[in-house]
Amino acid sequence: MNVSDFMLESLPLCTDLFEMCYWNGERKNCCEIFSLQRTEEGFCYSFNSLTAETKKECYIRDFFMQSLLLNDQNPACTPRQTTSSGRYSGLTVVLKKDDQLLLNGFSRGINVLISPTYELPEAGSGVVLKRKSGRMLEIEVTPIIIECSSKLISYSSAKRECVLPQEKALKFNNFYSQTNCLIECRHNFISKNCNCQPYFFNDVTSGLPECNLEKLNCLANLSAEIRVMADLVYSNRILNMRNNTDCSCPVPCYGTMYNSLIKRSNLSVFDGEIQHGLLDVHFSNLGAVNYLRKISFSQQELIVSIGGTGNLFLGCSVISLMELVYYFFRGCVTILTRCLRKYRQRLIQPTRFGFYN
């Protein structure tokens, strides 16, 4: 049985899931702005993702060296951008009415995950929006941009303790991030121990078959190790794994993160009537938090610090240093003169008739 085909068949159609979509306050066709996305939890729909099935060939060139992500050769690889903030200024999605309940009596819903455009979705995260009348999920996003100074780039990766995008190549993504690296590491770990690759990875170059139902026991036995790898997202090295697995996923020098503020409320009216589940994702404000990785203490600053400390506690200066040299040589001359006098006195021998040299 082909698991990929089964998961695709069980995926709800775009027309059955979304009622209406808005981007920048303008109504859009939901099936045109959402793309099919592979994740470790199955197939889903993604918005503005460069790792979707239709955009895997997009090459993220000079991602952090340019103010905008522009791709002249393929406009479809240019992410959608907005310069506004506040409610209904970003992505607004209205879900279709769903009166069908699950076996436990709960309403069905969707799992919403916020991630950078160049990263694969991280399994086990996100927030749920139920497809129930009057439910609204509002996500205020604050971007955090991490950059690297030119002086720090000149150092080796071991000294700066971070890697540049071109210093570490990945198989499933042409841009390095710690999340992408850990996801690829989990794939390699499963392939090595089960001799197959899960359906959510489509690596045709590996030569390994897709994990079928017979391999589910193997995947289940590895779940404990995989969970440990997922929990240590911010760790540089993952140790104590089966077969001495080491992901070696250091922190990137450049990166983008998003702080999300989740707000749940009861929706009164949208588009003239009460909707069955509304999602609103927008920027919290027009600014962004920017962090710069740089050398905190260079060699020049060390010399200046030593000089300042010496000047403060020892009264050290250029003049006092010359005085120390002067008194040192003066002391040496005085000691040498006394030694010569004593030596000459020993050479004078007394006699009966007088003295002679």
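Reading the values: rules and limits
- Residues numbered from 1 in each chain as written.
- Predicted model: local features only at pLDDT ≥ 70, side-chain atom pairs only at ≥ 80, totals over all residues.
- Heavy atoms only, no water.
- Helix = DSSP H or I, 4+ residues; strand = E, 2+ residues; numbered from the N terminus.
- Buried < 20%, exposed > 50% of the residue type's maximum accessible area, 1.4 Å probe, protein only.
- Contact = heavy atoms within 4.5 Å.
- Areas by Shrake-Rupley, 256 points an atom, 1.4 Å probe, with all protein chains shown as cover.
- Salt bridge = Lys/Arg side-chain N within 4 Å of Asp/Glu carboxyl O.
- Expected span 1.5 Å × (residues − 1).
- Disulfide = S-S within 2.5 Å.
- pLDDT = per-residue confidence, 0-100.
- Patch = residues over 30% accessible without salt bridge, like charges linked within 9 Å, V, L, I, M, F, W, Y side chains within 5 Å.
- Lys, Arg positive; Asp, Glu negative; His and termini not counted.
- Charge placed at Lys NZ, Arg CZ, Asp CG, Glu CD.

Participant: So what's going on with the overall build of the protein chain? Which residues, and what values?
Facilitator: Across its full length, the protein chain carries 10 helices and 13 strands. Per-residue burial over the protein chain gives 36% buried out of 357 residues. Across the protein chain, the fraction of contacts at a sequence separation of at least 24, relative to all contacts at a separation of at least 6, is 69%. Within the structure as shown, the protein chain displays about 22800 Å² of accessible surface, and the carbon and sulfur contribution to it stands at 55%.

Participant: Hey, could you go over unusual backbone geometry for me, with residue numbers and the actual values?
Facilitator: For residues that are not glycine, phi is negative in most cases, and the peptide bond is trans in most cases. Even without being glycine, Asn 24 reaches a positive phi, approximately 60 degrees. With respect to the helices and strands, the residue Asn 24 is situated in the loop between strand 1 (18-23) and strand 2 (26-28). Unusually for a residue other than glycine, Asn 48 sits at a positive phi of about 65 degrees. Mapped onto the elements of the fold, Asn 48 is located in the loop between strand 4 (42-47) and strand 5 (91-95). Taking relative accessible area as the criterion, Asn 48 reaches 14% and is therefore assigned buried.

Participant: Give a detailed account of the pattern of salt bridges, specifying residues and quantitative values.
Facilitator: Pairing between side chains of opposite charge can happen when the charged atoms of each approach one another. Per the stated rule, a full pass over the model turns up 7 salt bridges. Between Lys 28 and Glu 26 there is a salt bridge, with the nearest N and O atoms lying 3.8 Å from each other. Of the charged contacts, one joins Glu 122 and Arg 186 as a salt bridge, the two residues approaching to 3.4 Å between their closest N and O atoms. Within this pair, whereas Glu 122 is found in the loop between strand 6 (109-112) and strand 7 (127-130), its partner Arg 186 is found in helix 6 (residues 178-194), the two being separated by 64 residues in sequence. The residues Glu 122 and Arg 186 share a single accessibility class, namely buried.

Participant: Give a detailed account of helix 6, specifying residues and quantitative values.
Facilitator: Structural remark: α-helix, 3.6 residues per turn; residues separated by three or four positions point the same way. With 17 residues, helix 6 should reach 24 Å at 1.5 Å per residue; the first-to-last C-alpha distance of 24 Å fits that figure. Across the 17 residues of helix 6, 14 count as buried, placing the element largely inside the fold.

Participant: How would you sum up the state of the cysteines? Please name residues and give values.
Facilitator: With the rule as written, the count across this model stands at 6 disulfides. Bridging Cys 14 to Cys 31, the disulfide has an S-S length of 2.4 Å. Because the sign of the S-S torsion sets the handedness, a value of about -115 degrees for the bond joining Cys 14 and Cys 31 places this disulfide among the left-handed ones. With a gap of 17 residues between them, Cys 14 in helix 2 (residues 14-17) and Cys 31 in helix 3 (residues 30-33) connect regions that are remote in the sequence. Among the residues examined, Cys 14 registers a relative accessible area of 10% and is labelled buried. There is a disulfide in this structure between Cys 162 and Cys 253, and the S-S distance comes to 2.1 Å. Disulfide Cys 162 to Cys 253: torsion about the S-S bond roughly 90 degrees, handedness right-handed.

Participant: Explain the confidence of the model for the protein chain to me, and be specific about the residues and the numbers.
Facilitator: On average, residues of the protein chain score 77 in pLDDT, and 78% of them are at 70 or above. Of the regions scoring below 50 in pLDDT, residues 62-70 engages in 20 contacts with residues more than four places distant in sequence or in other chains. This model gives residues 230-244 a pLDDT under 50, and the stretch forms 33 contacts once residues within four places in sequence are excluded.

Participant: Account for a positive patch on the surface, naming residues and giving values.
Facilitator: There is a patch of like positive charges on the surface, built from Lys 130, Lys 132, Arg 135 and Arg 264. As for its position among the elements, Lys 132 is in the loop between strand 7 and strand 8 (135-148). By relative accessible area, which is 39% here, Lys 132 ends up partly exposed.

Participant: Account for a nonpolar patch on the surface, with residues named and values stated.
Facilitator: Together, Leu 321, Leu 324, Val 325, Phe 328 and Phe 329 make up an exposed nonpolar region whose accessible area comes to about 520 Å². Positionally, Leu 324 belongs in helix 10 (residues 318-347). Judged by relative accessible area, Leu 324 falls into the exposed class, the value being 59%.

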